[in-house]
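These are the residues of each chain, in order.
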Amino acid sequence: MSTGRWAEQGTGVDERDLLEALGNKYSAEILCAAQSPASAQELSDEMEIPIATCYRRIEELVEAGLLECEGRQLSEEGRRTNVYRRTLDELAVDFSETVPSFSCKERSEAKNRIQDQME
């Protein structure tokens, strides 16, 4: 596990934004469902989340560095849509100090390719 991913790697992500994004309703469910690339519509349908809410959660998770746009695909209606995948498999928050610290286990490209082949 790496520690302090957001602060030490200079991502510019405010750790308060990270906690806020994780605390919002549906965020954890979206991250779990996004182990393989999925569009906002697919995530909304799978979890029965209103599409507008799903887009807001996705935006927050992308800004927090927890989800990334992996590319575009054609929807069933023939439109190009963004597909998203989570950027990590594990995240731990330590509240024992005066400021929370984070550790995470990021998803590797190899793991993404294996996941894609299994589907």
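Thresholds applied
Residues numbered from 1 in each chain as written. Predicted model: local features only at pLDDT ≥ 70, side-chain atom pairs only at ≥ 80, totals over all residues. Heavy atoms only, no water. Pairing = 2+ DSSP bridges. Helix = DSSP H or I, 4+ residues; strand = E, 2+ residues; numbered from the N terminus. Buried < 20%, exposed > 50% of the residue type's maximum accessible area, 1.4 Å probe, protein only.

Going by an unreviewed UniProt entry, the protein chain carries the name ArsR/SmtB family transcription factor and comes from Haloarchaeobius litoreus.

Engineer: Outline the sheet that holds strand 2 (residues 38–39), listing residues and values.
Structural biologist: Strands belonging to one sheet form pairs held by backbone hydrogen bonds; the direction of such a pair is parallel or antiparallel. Pairing is antiparallel across the open sheet formed by 3 strands, whose spatial order is 2-4-3. Each edge of the open sheet carries a strand with a single partner, namely strand 2 and strand 3 (67–74). Of the strand pairs in this sheet, strand 3 and strand 4 (residues 80–86) are connected by 7 bridges, and their pairing is antiparallel. Bridging across to strand 4, Gly71 finds its partner in Val83.

Engineer: Would you mind going over unusual backbone geometry in detail, with residue names and values included?
Structural biologist: The phi dihedral of Tyr26 falls on the positive side, at around 85 degrees, and the residue is not glycine. In this structure, Tyr26 sits in the loop between helix 2 (15–23) and helix 3 (27–33). Residue Tyr26 is classed as partly exposed on the basis of its relative accessible area, which comes to 21%. A positive phi is found at Glu48, a non-glycine position, where the angle reads about 55 degrees. The topology assignment puts Glu48 in the loop between helix 4 (40–47) and helix 5 (51–63).

Engineer: Just give me the short version of the pairing of strand 4, but keep the residues and values in it.
Structural biologist: Within strand 4, 5 of the 7 residues are buried, leaving the element largely enclosed by the surrounding structure. As defined by bridge partners, strand 2 adjoins strand 4 across 2 bridges and the pair is classed as antiparallel. Bridge pairing in strand 4 links Ala38 to Tyr84. Connecting the antiparallel pair strand 3 and strand 4 is a turn made up of 5 residues, with Gly78 showing a positive phi of about 85 degrees.

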